[in-house]
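Close look at the chain arrangement
Here's the letter readout for the chains.
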Amino acid sequence: MSSSGAAKRVLLAKPRGYCAGVDRAVVAVEKALELYGPPVYVRKEIVHNRHVVDTLRERGVIFVDETSEVPEGALVVFSAHGVSPAVHEEAAERNLRTIDATCPLVTKVHKEVNRFAKDDYDILLIGHEGHEEVEGTAGEAPDKVQLVDQAEDVEKVAVRDPSKVIWLSQTTLSVDETMERVDQLRERFPQLSDPPSDDICYATTNRQVAVKAMAAECDLVLVVGSTNSSNSKRLVEVALKAGARASYLIDFATEVDESWLDGVSTVGVTSGASVPDVLVMDLLTWLAERGYGQVDEVTTANEKIAFALPQELRKAAKAESGPS
């Protein structure tokens, strides 16, 4: 299949790229710039994508790590990954105007944590240590949440009542790996409860399904996404597990190593949920210049989900367009 005589082609995954939560968060920052002018402060990266962050920085967005770095009384946007109640409190103490661009699907998991913490459950949160989303979610009930990242963490979990234990998860994990972790937890805690609804978001799942559908036919799968993007990194892992011979994560077409194409007839292309499609188009152009001009789209779902802008912006925009 990968003999040099074979026809060169690209399989392009669909869905790929921007999800509704990312789109909403990026538009929220652009709207804030439009309504209030720069500088607009954003706590952490609005979404985990280098190109998006650099572009917004050029337009007057100041990214900070902590709320304490935002000047008193200024405007701060909370990223799509969500923040803990402690961050909201700190913002109120500093008299900051806030726009909360947390993805509604992350907010849903925060509400689940609250609900089960109130019912005095031990909550086992499957997720990646140090990831912003996990920090925000765990921060809803730090005394009730235990993080389960690696397989060895399963053994470390201590619960008070084995009949009152529930697992929840970060929204951007590998679906298969998460279920593997759940099975390990259930061996220890047979009465482990499942979340009321799936925590892994539709976009993460859909992008993984699309990659799985084409990976076995690919000599190489290129995933456009940043190294700090959890869902993008998972796509590389899913591609390899599903039969791709090689897979790499790149931010830009210029990062592709030409040697990766040696003996490759079929290249799979996809992108993480925080990646603008212009970067994918740049990659397709780069591949076409090297003989991979034929592009076949592999569609496994059509996404039609959209989220309304954060209410703070809807109110502000309404006020601006109202009677003068």
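All values derive from a computational prediction rather than experimental measurement. One numbering rule holds for all chains: residues counted from 1, following each sequence as written. The predicted origin of the model limits local features to residues at a pLDDT of at least 70 and limits the giving and counting of side-chain atom pairs to 80 or more, whereas totals for whole chains, interfaces and linings rest on all residues. Calculation of side-chain values draws on the structure's entire complement of heavy atoms; hydrogens and water are dropped beforehand.

With that settled, consider the UniProt feature "binding site: isopentenyl diphosphate" (unreviewed entry) in the protein. UniProt positions are given in the numbering used here, feature names are shortened, and annotations may be inferred rather than shown by experiment. Sites flagged by UniProt as "binding site: isopentenyl diphosphate" (unreviewed entry) map to H48, H81, H131, S229, S230, N231 and S274. Of the annotated set named above, H48, H81, H131, S229, S230, N231 and S274 line the largest cavity. Working definition: helices are DSSP H or I runs of at least four residues, strands are E runs of at least two. Numbering for both runs from the N terminus. Within the secondary structure, S229 is located in the loop between strand 9 (220–224) and helix 9 (230–241). Contacts are assigned to residue pairs that have any heavy atoms within 4.5 Å of one another. Residue contacts for S229: discarding those within four places in its chain leaves H48 and S274. Cavities and pockets are defined on a 1 Å grid built over the protein atoms alone: a cavity is a set of grid points where a 1.4 Å probe fits but cannot escape, while a pocket is an open set with protein on both sides within 12 Å along at least five of seven lines, and lining residues are those with an atom within 4 Å of any such point.

On to the packing of aromatic side chains, then. Within 6.5 Å between ring centres, the rings of Phe, Tyr and Trp (the latter by its six-membered ring) count as paired, and their orientation is classed by plane angle as stacked under 30 degrees, edge-to-face over 60, tilted in between. Scanning the entire structure with this criterion turns up two aromatic pairs. Here F116 and Y121 contribute two aromatic rings whose centre-to-centre distance is 5.3 Å and whose plane-to-plane angle is 80 degrees, an arrangement assigned as edge-to-face. Look at Y248 and W260: their rings are 3.7 Å apart centre to centre, the planes differ by 5 degrees, and that puts the pair in the stacked class. Taken as a pair, Y248 in strand 10 (residues 247–250) and W260 in the loop between strand 10 and strand 11 (266–271) lie far apart in primary sequence, twelve residues in all. For a lysine, the NZ atom is tested; for an arginine, the CZ atom; a charge sits over a ring if that atom is within 6 Å of the ring centre and within 35 degrees of the ring normal. If you follow R97 out to its NZ or CZ, it ends over the ring of Y36, 5.3 Å from the centre. The ring of W286 carries R290 above its face, with NZ or CZ at 3.7 Å from the centroid.

A word on the pairing of strand 6 (residues 122–126). On a regular strand, one side chain projects to one face of the sheet and the next to the other, so that they alternate. When you tally the buried positions in strand 6, you get five out of five residues, the bulk of the element. Here strand 6 shows two buried faces, one formed by D122, L124 and I126 and the other by I123 and L125. Strand pairing is defined by DSSP finding a minimum of two bridges between the two strands. The pairing of strand 6 with strand 7 (residues 145–148) spans four bridges and is parallel. Along strand 7, the bridge assignment pairs L125 with L147. With strands facing away from the observer, any crossover in which the path from the first strand over the helix to the second runs clockwise is taken as right-handed. For the handedness criterion, the β-α-β arrangement of strand 6, helix 5 (residues 132–138) and strand 7 is classed as right-handed. Exposure categories follow from relative accessible area, calculated using a 1.4 Å probe and restricted to protein chains: below 20% of the type maximum is buried, above 50% is exposed, and the middle band is partly exposed.

This part covers the sheet that holds strand 6. Taken together, three strands build an open sheet; the order of strands is 7-6-8 and the sheet is parallel. Of all the strands in the sheet, the pair left with one neighbour each is strand 7 and strand 8 (165–169). Averaged over all adjacent pairs, the angle separating strand axes in this sheet is 30 degrees, with direction ignored. Along the sheet face, helix 4 (residues 104–118) touches strand 6, strand 7 and strand 8 and points at about 170 degrees away from the line of strand 8. Lines are fitted to the C-alpha atoms to define the axes, a helix being fitted only along its stretch in contact, and any angle between axes, read from their N-to-C directions, falls within 0 to 180 degrees.

The domain limits used here are those given by an automatic or database domain assignment. The domain architecture assigned to the protein consists of domain 1 (9–18 + 202–299), domain 2 (21–103) and domain 3 (105–188). One C-alpha centre belongs to domain 2, the other to domain 3; they are set 26 Å apart. When two components associate, each loses some accessible surface as probed by a 1.4 Å sphere; the sum of these losses over both components is called the buried area. Carbon and sulfur atoms make up 56% of the area that domain 2 and domain 3 hide from each other, which totals about 840 Å². Whenever a carboxyl oxygen of Asp or Glu lies within 4 Å of a side-chain nitrogen of Lys or Arg, that contact is scored as a salt bridge. If you look at where domain 2 meets domain 3, you find zero salt bridges. Residues adjacent in sequence count toward polar contacts only when both atoms are side-chain atoms; beyond that, a polar contact is any pair of N or O atoms within 3.5 Å, and within protein one must be able to donate a hydrogen and the other to accept it. The interface formed by domain 2 and domain 3 includes five residue pairs in polar contact (both at pLDDT 80 or more). Here the residues of the side of domain 2 that touches domain 3 sort into four nonpolar, six polar and two charged. Under the grouping applied here, Gly and all other residues not named as nonpolar or charged are polar, the nonpolar ones being Ala, Val, Leu, Ile, Met, Phe, Trp, Tyr, Cys and Pro and the charged ones Asp, Glu, Lys and Arg.

Glancing now at the packing of helix 8 (residues 202–215) against helix 9. Closest axis-to-axis distance for the helix 8/helix 9 pair is 9 Å, and the angle between their directions is 25 degrees. In this view, helix 8 runs roughly parallel relative to helix 9, as classed from their interaxial angle. The handedness of the crossing between helix 8 and helix 9 comes out as right-handed. Where helix 8 approaches helix 9, its residues T204, R207, Q208, V211, K212 and A215 are matched on the opposing element by N231, R234, L235, V238 and A239. Residues of the contact of helix 8 with helix 9, tallied by class, amount to five nonpolar, three polar and three charged. Orientation is classified from the angle alone, with under 35 degrees giving roughly parallel, over 145 giving roughly antiparallel, 65 to 115 giving roughly perpendicular, and any other angle giving oblique. Left-handed describes a crossing whose near helix is turned anticlockwise from the far helix by less than a right angle; the clockwise case is right-handed.

A few words now on the packing of helix 1 (residues 20–36) against helix 11 (residues 311–321). Where helix 1 contacts helix 11, the axes come no closer than 11 Å and their chain directions differ by 35 degrees. Our pair here, helix 1 against helix 11, has a crossing hand that is left-handed. Facing A28, K31, A32, L35 and Y36 of helix 1, the residues of helix 11 in contact are L313, A316, A317 and E320. For the contact of helix 1 with helix 11, the per-class residue count stands at seven nonpolar, no polar and two charged.

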